[in-house]
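Each chain, written out:
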Amino acid sequence: MLKRSALDPDTTMGGPHGQFPSTQLSLLEAAGSGDTLPNEALERVSALYWKPVYRFIRVKFRKNNEDAKDLTQSFFAAALQRDLFARFDPAKASFRTYLRMAVERFAASQHASASRQKRGGGVEFEPVEEYVAAAESPEEVFEREWQRQLFALALDDLRAHCEARGKQLQFEIFEAYDLADGDRPSYAELAARHGVAEAAVTNYLAWARRMLRQFVTERLRGVTAGERDLRGEMRRVWS
Amino acid sequence: MELNDAVLDHLRRVAALPDLTGTRYELESEIGRGGMGVVYAARDRQLDRRVALKVVDSALAGEARLIARLEHPGIVPIYETGTLPDGRVFYAMKLVAGARLDHYMAGAPSLGERLRVLRRIGEALSFAHARGVIHRDLKPQNVMVGGFGEIYVMDWGVEAVAGTPAFRGPDAHLDRLSDIYSLGAMLQFMLADSAPRALLAIAAKAMREDPAARYPDAPAFLADIERFQEGLGVEAWSEPIWHRLRRFTSRNAVLLWLLAAYAGVKFLLFFLKIL
């Protein structure tokens, strides 16, 4: 869990300079000298990667909802049993790439095994209507879902942070503007709605966005193997 | 919380925006992004002028400042560097009004103009190399041709892994010779298929797979370009004898015409004497 007390305190104009304090151990730090990752690190990995893995399996292997869920669950269980995460070598690839390739190998082997058991050996694909029209490859779907889940988790962190600090107003303004699905209200409308100055809306949004960025970084730190891996993943998110 | 694609894209964009409260700058719009960071157009409120504001990762702060110390007519001047509240580093620099080199080339400038641009790029590179800075991602998109014809090499790379495939050599480790490869690729890009063989040879030498077979540095590359412009033989190409003769006659046309005229007169006088 995040140590929320260690997070960046509210910043005023300019704010304190310097890097956001790290509150999450990287995967390698979490592994320490042991052979397996502690539960906390594994929870971070599954919190971020469960959905991307599930979507990847659905699109790549055209599994229906239940089969894809089962396969995803089996993958994480097998990964734990076989110490898959502990065998990750950051010199070869990012953890994200390593995990996707591991899923692909695992699901392909399970898929082949299931196909062999079918009478006649024919492979039956389930239609996945929701992805038929999608032009994205399974790898792109995985990447997209990874980003989606990363931001969803960081937003949860931001919301919890605001509630803990009595900053619900900041979150409400941020939610009304940056999470709006469709037309966004103007700053003036938001200011009138919440009874604050327009400049305050600008400041609250800037603050919430900065905090969101910091929570995204923290979430990434928890599932990457050191600074280099973290920087690479940050480039993937922001570029 | 389930996010749709539009909201996700919006969040990715706004959460990356630099928080400029407490600085003299006011963000206007994003004007470019690359491996090293994002560049925004901003307004300097104190001096009431527009600037380009580059925001890079905090890990790159040291090298960013090293680049900021490069003062050369071919390198965009840095006005100020600073740190954002989230730890990222920004530097404000001249906002160059002009055309990116790849767009400029679409106007089909003359060969002489192309070589002038290339030489300015090479000079900036040579200057930076002498101060221990390598570019790492030299390509037409990173060169601006200003309204007065001035050339700016931009986006000096500080990434451990960088480079754009078409302009990046096969080198596993990027160093000055990798920049020489990119410079050769730039020359090749700027030449038409019908370009003189000597120039194509210069580009090919700079782009050799083996770094040791390339020009040892930017001045050596520029010297060969200069030799070509002066009508001399270039180091990169051992030209056939007929080509050497043609170049000699072309370069010494006046002298040869005078000699021919002298020989003609002597010949005429000789016949007149006989008669």
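Predicted model only: the values in this text are computed from it and were never measured.

Caption draft 1: Representation of the sheet that holds strand β8 (residues 151-153) of chain B in the model. Residue and element names in this part refer to chain B. Spatially, three strands are ordered β6-β7-β8 in an open sheet, and the strand pairing comes out antiparallel. A strand with exactly one partner marks an edge of an open sheet, and here the two such strands are β6 (98-100) and β8. The sheet shows a mean angle of 25 degrees between the axes of neighbouring strands, direction not considered. Here helix α4 (residues 111-130) sits on the sheet in contact with β7 (143-146) and β8, set at roughly 45 degrees to β8.

Caption draft 2: Structural view of the sheet that holds strand β5 (residues 89-94) of chain B. All names here are of chain B. Read across the open sheet, the five strands follow the order β1-β2-β3-β5-β4; overall the sheet is antiparallel. Because the sheet does not close on itself, it has two edges, and the strands there are β1 (25-33) and β4 (78-83). The mean inter-strand angle of the sheet, taken between neighbouring strand axes irrespective of direction, is 25 degrees. As paired strands, β1 and strand β2 (residues 37-44) are joined by seven bridges and run antiparallel to one another.

Caption draft 3: Quick peek at the interface of chain A and chain B. With 32 residues of chain A in contact, the opposing surface of chain B contributes 25 residues. Contributing elements (two or more residues each) for the side of chain A that touches chain B: α6 (138-164), α9 (198-221) and α10 (227-238) of chain A. Looking at the side of chain A that touches chain B, its residues break down into 12 nonpolar, 10 polar and 10 charged.

Caption draft 4: Examining the confidence of the model for chain A more closely. Residues and elements named next belong to chain A. Averaged over chain A, the pLDDT score is 78; the fraction of residues at 70 or greater is 75%. Across chain A, helix α7 (residues 168-178) holds the top mean pLDDT of 96, while helix α5 (residues 129-132) sits lowest at 49. Of the regions scoring below 50 in pLDDT, residues 1-21 engages in 32 contacts with residues more than four places distant in sequence or in other chains.

Caption draft 5: The arrangement of unusual backbone geometry in detail. Even without glycine at this site, R62(A) takes up a positive phi of about 50 degrees. Considering the arrangement of structural elements, one finds R62(A) in the loop between α2 (39-61) and α3 (65-81). Accessibility expressed as a C-beta count within 10 Å gives 19 for R62(A), which makes it partly exposed. Positive phi outside glycine occurs at R136(B), with the angle close to 80 degrees.

Thresholds, definitions, all that
Residues numbered from 1 in each chain as written. Chains lettered and ligands numbered in written order. Predicted model: local features only at pLDDT ≥ 70, side-chain atom pairs only at ≥ 80, totals over all residues. Pairing = 2+ DSSP bridges. Helix = DSSP H or I, 4+ residues; strand = E, 2+ residues; numbered from the N terminus. Axes fitted to C-alpha atoms, helices over the stretch in contact; angles between N-to-C directions. Contact = placed C-beta atoms within 7 Å. Nonpolar A, V, L, I, M, F, W, Y, C, P; charged D, E, K, R; others polar. pLDDT = per-residue confidence, 0-100. Buried ≥ 20, exposed ≤ 12 C-beta atoms within 10 Å, placed from the backbone.

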